[in-house]
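Breakdown of the fold
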Amino acid sequence: NAGVMQNPRHLVRRRGQEARLRCSPMKGHSHVYWYRQLPEEGLKFMVYLQKENIIDESGMPKERFSAEFPKEGPSILRIQQVVRGDSAAYFCASSTGTGLYEQYFGPGTRLTVT
Amino acid sequence: DQQVKQNSPSLSVQEGRISILNCDYTNSMFDYFLWYKKYPAEGPTFLISISSIKDKNEDGRFTVFLNKSAKHLSLHIVPSQPGDSAVYFCAASVVAAGNKLTFGGGTRVLVKP
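Residues numbered from 1 in each chain as written. Chains lettered and ligands numbered in written order. Predicted model: local features only at pLDDT ≥ 70, side-chain atom pairs only at ≥ 80, totals over all residues. Heavy atoms only, no water.

**A short note on the interface of chain B and chain A**
Of the residues lining the interface, 20 residues belong to chain B; the matching set on chain A comes to 23 residues. In this assembly, chain B packs against chain A so that about 1,600 Å² is buried in total across both faces, 60% of it on carbon and sulfur atoms. B:Lys100 is the partner of A:Asp56 in a salt bridge, and the nearest nitrogen-oxygen pair spans 3.2 Å. At the junction of chain B and chain A, the tally comes to seven residue pairs in polar contact (both at pLDDT 80 or more). Put simply, the parts of the chain that give the side of chain B that touches chain A at least two residues each are β4 (32-38) and β5 (45-51) of chain B. The biggest single contributor to the side of chain B that touches chain A is β4(B), with four residues. (Contact = heavy atoms within 4.5 Å. Buried area = accessible area lost by both parts, 1.4 Å probe. Salt bridge = Lys/Arg side-chain N within 4 Å of Asp/Glu carboxyl O. Polar contact = N/O pair within 3.5 Å; in protein donor to acceptor, adjacent residues only side chain to side chain. Helix = DSSP H or I, 4+ residues; strand = E, 2+ residues; numbered from the N terminus.)

In structure tokens form, the structure reads like this:
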């Protein structure tokens, strides 16, 4: 049973380009969470999605960031017109549901903006 | 506004001894607490959790204690092993609000052989 998968593991983008990060949850998990870890900081919640629905995006920057979790395929976190401050590790986690369910994390995507 | 705080950025302990990691929170709505371990360049790995209706949960070498009145939880690792050297994060959530995790800043643990 494969764990949470994220790709790419490393992504380099120039300022102004788009970054697209993918997350495939664990088999049987329909709840996906995205977190961001800036250098020397803890992880911060960005967005919570279920299939075809954004449930909570209270941690997402208002501009340039969007997320989706389509009926088929992985969850996508998209960052348009990247800036140097977007350089961070982006982690995806999945769980079987809300309630007393732990979240399992993927290995992360390290985004570097040059 | 840091709702979850780990006041010790680092901890050094001898192999075989107990490691005690502490975490404080301010949001009284939190009702589910978790500890994760993280190695460099990897994602966090779930260790142990506790709900607010309990004050202790044990799993092998790991025990989590919750003191609701003090808004404090701790993780005990005994005996500590060199492979336990990592950064440990405590996290808290409000189950009814979708379980999004609020993390502390982490404690780096070094277990010396």
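Moving on from the coordinates now.
**What about the side chain of B:Asp84?**
Note on placement: B:Asp84 falls in the loop between β8 (72-77) and β9 (86-93). Residues within four places of B:Asp84 in sequence aside, it is in contact with B:Lys37, B:Arg61, B:Ile77, B:Pro79, B:Val109 and B:Val111.

**A look at the environment of B:Glu42**
Mapping B:Glu42 onto the fold places it in the loop between β4 and β5. Relative accessible area serves as the criterion here: at 39%, B:Glu42 is assigned to the partly exposed category. In this structure B:Glu42 touches A:Phe91, A:Pro107 and A:Arg110, once residues within four positions along its chain are discounted. (Buried < 20%, exposed > 50% of the residue type's maximum accessible area, 1.4 Å probe, protein only.)

**Describing the sheet that holds strand β1 (residues 4-5) of chain B**
Residue and element names in this part refer to chain B. Taken in spatial order, the five strands make up an open sheet running β1-β3-β8-β7-β6, and their pairing is antiparallel. The open sheet terminates on both sides in strands that have one partner only, identified here as β1 and β6 (56-59). Pairing between β6 and strand β7 (residues 62-67): four bridges, direction antiparallel. Residue Asn57 lies in a different strand from β7, and its bridge partner there is Val64. (Pairing = 2+ DSSP bridges.)

**Quick word on the packing of aromatic side chains**
What the rule picks out here adds up to 13 aromatic pairs over all chains. With a centroid separation of 6.1 Å and 75 degrees between ring planes, the pair formed by A:Phe105 and B:Phe103 is classed as edge-to-face. On the criterion of chain membership, the pair formed by A:Phe105 in strand β10 (residues 104-105) and B:Phe103 in strand β10 (residues 102-103) is interchain, its members lying in two chains. Each member of the pair, A:Phe105 as well as B:Phe103, is classed as buried. Aromatic rings pair up to connect A:Tyr33, A:Tyr35, A:Phe45, A:Tyr48, A:Tyr104, A:Phe105, B:Tyr36, B:Phe46, B:Phe89 and B:Phe103 into one cluster. (Phe/Tyr/Trp six-rings, centres within 6.5 Å; stacked < 30°, edge-to-face > 60°.)

So far we have only geometry, and geometry alone does not tell us how the molecule works.
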